[in-house]
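Structure at a glance
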Amino acid sequence: MADPQRSTRGLLDTSVVIELERLDAASLPDELAVSTITLAELAAGPHAATDVALSSEIPLYTLNPDDFAGLAELLEIVSPVP
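Conventions we followed
Residues numbered from 1 in each chain as written. Predicted model: local features only at pLDDT ≥ 70, side-chain atom pairs only at ≥ 80, totals over all residues. Heavy atoms only, no water. Pairing = 2+ DSSP bridges. Helix = DSSP H or I, 4+ residues; strand = E, 2+ residues; numbered from the N terminus. Salt bridge = Lys/Arg side-chain N within 4 Å of Asp/Glu carboxyl O. Buried < 20%, exposed > 50% of the residue type's maximum accessible area, 1.4 Å probe, protein only. pLDDT = per-residue confidence, 0-100. Contact = heavy atoms within 4.5 Å. Core = buried A, V, L, I, M, F, W, Y, C linked by side-chain atoms within 4.5 Å. Patch = residues over 30% accessible without salt bridge, like charges linked within 9 Å, V, L, I, M, F, W, Y side chains within 5 Å. Areas by Shrake-Rupley, 256 points an atom, 1.4 Å probe, with all protein chains shown as cover.

A short note on the sheet that holds strand 3 (residues 60–61)
The strand order across the open sheet formed by 4 strands is 2-1-3-4, and the pairing between neighbours is parallel. Of all strands in the sheet, those bounded by a partner on one side alone are strand 2 (31–34) and strand 4 (77–78).

Some points on the pattern of salt bridges
Summed over all chains, the structure comprises 1 salt bridge. One salt bridge in this structure joins R22 and E19, with 3.3 Å as the shortest N-O distance. Residue R22 is classed as exposed on the basis of its relative accessible area of 65%. By relative accessible area, which is 25% here, E19 ends up partly exposed.

As for the confidence of the model for the protein
Looking at the protein as a whole, the pLDDT averages 78, with 76% of positions reaching at least 70. The secondary-structure element of the protein with the lowest mean pLDDT is helix 2 (residues 36–44), recorded at 82, while strand 2 shows the highest, at 94. For the stretch residues 46–56, pLDDT sits under 50, and the model shows 24 contacts to residues farther than four places along the chain or on other chains.

Looking at the nonpolar core
Core analysis: the biggest nonpolar cluster contains 7 residues, these being L11, I58, L60, F68, L71, L75 and I77. With 6 residues, the next largest nonpolar core counts L12, V16, L28 and V78 among its residues.

Observations concerning a nonpolar patch on the surface
Taken together, the side chains of I18, V34, L39 and L42 make up a nonpolar region of the molecular surface, amounting to roughly 360 Å² of accessible area. Relative to the assigned elements, I18 resides in helix 1 (residues 14–18).

Below you can see the structure in the form of structure tokens.
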């Protein structure tokens, strides 16, 4: 898992979007992106979707880094500080 430094851009996992108001803004990137998978999860509920986010050269911000452990070689995984 990557060091939780402030990046310029980042892809937010559903868990981060849900807890956005509780997170320290300094631990998030300046420019936020949300995947269509996250939008679907938020619209349909967590019981109806699974979250697998792959990005090209931007980190994935999640409060559940262990859920993405198998993807660590494919993308940078950052866990923001609550």
